[in-house]
Amino acid sequence: MAIITVLGLVTALVVCLGLLFKVCFTYWKRKGVYSPTPEIPFGNAREVILQREDFGTGLRNFYNVVKGKGKKFGGYYFFMRPIFVPADLDLVKRIMITDFVHFTDHVLHVDEEYDPLSTHLFAMKGARWKQLRIKLTPTFNPCAFGLECNSLKNPDSEFRHYGKKFFDTSLRDSIIRLLTVTLPEFFTIFRVRSHRKDVTDFFMNVVQQTVRHRETNNVIRPDFMHLLLQIKNNVKITENDVGDLKNGTAVESEVSLTLPELAAQCFVFFLAGFETSSTATTFCMYELAINPKLQDAVREEIGTVLARHNGKITYNAILEMTLIDKCVNETLRKYPPVPVHTRECTKTYTIPNTDVVLKKGSFIFIPVYGIQMDPDYYPDPEKFDPERFSDENKAKRHASAWTPFGDGPRACIGLRFGMMQTKVALAVLLKNCKFALNSKTETPLKMDPRSFVLSTLGGVWLTATKV
């Protein structure tokens, strides 16, 4: 009898779940939005959830289906979560720029108390984000970090160790990263960290020690850490003056930083340089290694420009390297480090010229990878062609066809810093060395299905020869 009762309960539960999924999976149909038939329980994300393809490729494939149906947008399901996916560039522009007031937030979990490193600028929401962004923007030019990493001198440094841990592609960590942008409520409800405890403890300890040392000894340096300390201490910030660390020039301010928030800004600054810039450099070097004539042309440009600058790689010298600029732009088109931009609808919005209404709280995924590999905008998209980014060709193309850093008010604040860092790395590597593909590199490249940022399985291996 007991066995029959248990079986009955299990059967009832399965039936209820099935009905729940079926109801949830009619969400987009009820709104009149095209959606490929979802599959219980995965929705449209079976391959991504089962770690058979990376997140960017999953959304790229969905984008291609929607675009192939002649639709300007589509409805995507990640499990039962309905997500709006624009496929029309004018609509993408509206979401990121024109009608930004309706889409001010990223889809990310934030919890200062239990998950302090989650309170960085990229994840902050509403007025809190706006106030800090305004404070940081005028002075966020290429500058020093303010923490000693020494990753080049010591490849086994703690910074490199914990940076690699954050981008670990274990099953647990890849699932956690997927959930941060598809089910952020999970972390709040169940008090689960989106960042590993050992990584959090390391960054918190390093930042606490640095803050204590600088404030105790009144250390003044023109770097990012100094800027954050000024915001923490409500010191008036001027663009052309390093300014005081903590003294009588303190002013009333709507925004300050707690110590966990300060640590979180350092954390995301470090990660942006650790992964996204290095990823862009790696993919660019790969393309130049398999295109030796292009690599020679880049090296020739570097030599010509440096000859005008006494052999020194300066800010102005990098700005004169137009071919490197095109190569980096084309790399970011073909291999966008962040292949999907997320937005949360913060104010009810009606899609122009339709009856489709996005309610407050709706999630939007912008398929960057899909758009940037669309042959309608980039003919023969698998071909690496830097001339796509000549002034003439850029002028012919919709501005929203290339958004590796996002666009509008929530565009990446470190855009110029990241681009400069990548170009400097390329100039240093290529000025005196020639690179060829090493046999350890598996070709064609395969993307790591467990990685949220675009990265290869097995890495890229090159052989360097002095010239």
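Before reading further, recall that the structure is shown in the block above.
Residues numbered from 1 in each chain as written. Predicted model: local features only at pLDDT ≥ 70, side-chain atom pairs only at ≥ 80, totals over all residues. Heavy atoms only, no water.

**Q** It is not clear to me how the overall build of the protein should be interpreted in this structure. Could you clarify?
**A** When helices and strands are counted, the protein shows 18 helices and eight strands. Within the protein, the proportion of its 467 residues that are buried is 49%. When contacts within the protein are restricted to residue pairs at least 6 apart in sequence, long-range pairs at least 24 apart make up 69% of them. Counting only carbon and sulfur atoms, one obtains 57% of the accessible surface of the protein, whose full area is about 22600 Å². (Helix = DSSP H or I, 4+ residues; strand = E, 2+ residues; numbered from the N terminus. Buried < 20%, exposed > 50% of the residue type's maximum accessible area, 1.4 Å probe, protein only. Contact = heavy atoms within 4.5 Å. Areas by Shrake-Rupley, 256 points an atom, 1.4 Å probe, with all protein chains shown as cover.)

**Q** Is there a simple way to explain the sheet that holds strand E1 (residues 73–78) in this structure?
**A** Two strands in a sheet stick together by hydrogen bonds in their backbones, pointing the same way (parallel) or opposite ways (antiparallel). Spatially, the four strands line up as an open sheet ordered E1-E2-E6-E3, and their pairing is mixed. The sheet terminates laterally at E1 and strand E3 (341–344), the two strands that pair on one side only. Here the average twist between neighbouring strands, direction ignored, is 30°. Pairing of E3 with strand E6 (residues 363–366), which is carried by four bridges, proceeds in the antiparallel orientation. Bridging across to E6, threonine 342 finds its partner in phenylalanine 365. Docked against the sheet, helix H4 (residues 55–68) engages E1, strand E2 (81–86) and E6, running at close to 140° with respect to E1. (Pairing = 2+ DSSP bridges. Axes fitted to C-alpha atoms, helices over the stretch in contact; angles between N-to-C directions.)

**Q** How should I be thinking about empty space enclosed by the protein in this particular structure?
**A** A water-sized probe rolled over the atoms picks out the places where empty space is left. Using the criterion set out here, one finds two cavities of 30 Å³ or more in the structure. Taken as a whole, the largest cavity encloses approximately 80 Å³ of empty space. Along its surface, the largest cavity is lined by Lys165, Phe166, Arg172, Asp173, Ile176, Arg177, Arg193, Ser194, His195 and Arg196. Listed by contribution, the elements that provide at least two residues to the lining of the largest cavity are helix H7 (158–166) and helix H8 (171–182). Counted as a void, the second largest cavity has a volume near 60 Å³. As for the second largest cavity, its lining consists of Gln51, Phe55, Ser174, Arg177, Leu178, Pro449, Arg450, Ser451 and Phe452. (1 Å grid on protein atoms, 1.4 Å probe; cavity = no way out; pocket = protein on both sides within 12 Å on 5 of 7 lines; lining within 4 Å. Points joined across faces, edges and corners; volume = space filled by probe spheres on them.)

**Q** When you look at the environment of methionine 204 in this model, what are you seeing that I'm missing?
**A** Residue placement: methionine 204 occurs in helix H10 (residues 197–217). Given the relative accessible area of 12%, methionine 204 is considered buried. Residues methionine 204 and cysteine 266, spaced 62 residues apart in sequence, show a C-alpha to C-alpha distance of 9.6 Å. Residue contacts for methionine 204: discarding those within four places in its chain leaves Pro116, Leu117, Pro260 and Ala263.

**Q** How do you make sense of the environment of lysine 71 when you look at a structure like this?
**A** Relative to the elements of secondary structure, lysine 71 occurs in the loop between H4 and E1. For lysine 71, a relative accessible area of 39% translates into the label partly exposed. Setting aside its immediate chain neighbours within four residues, lysine 71 contacts Tyr34, Val66 and Ala87.

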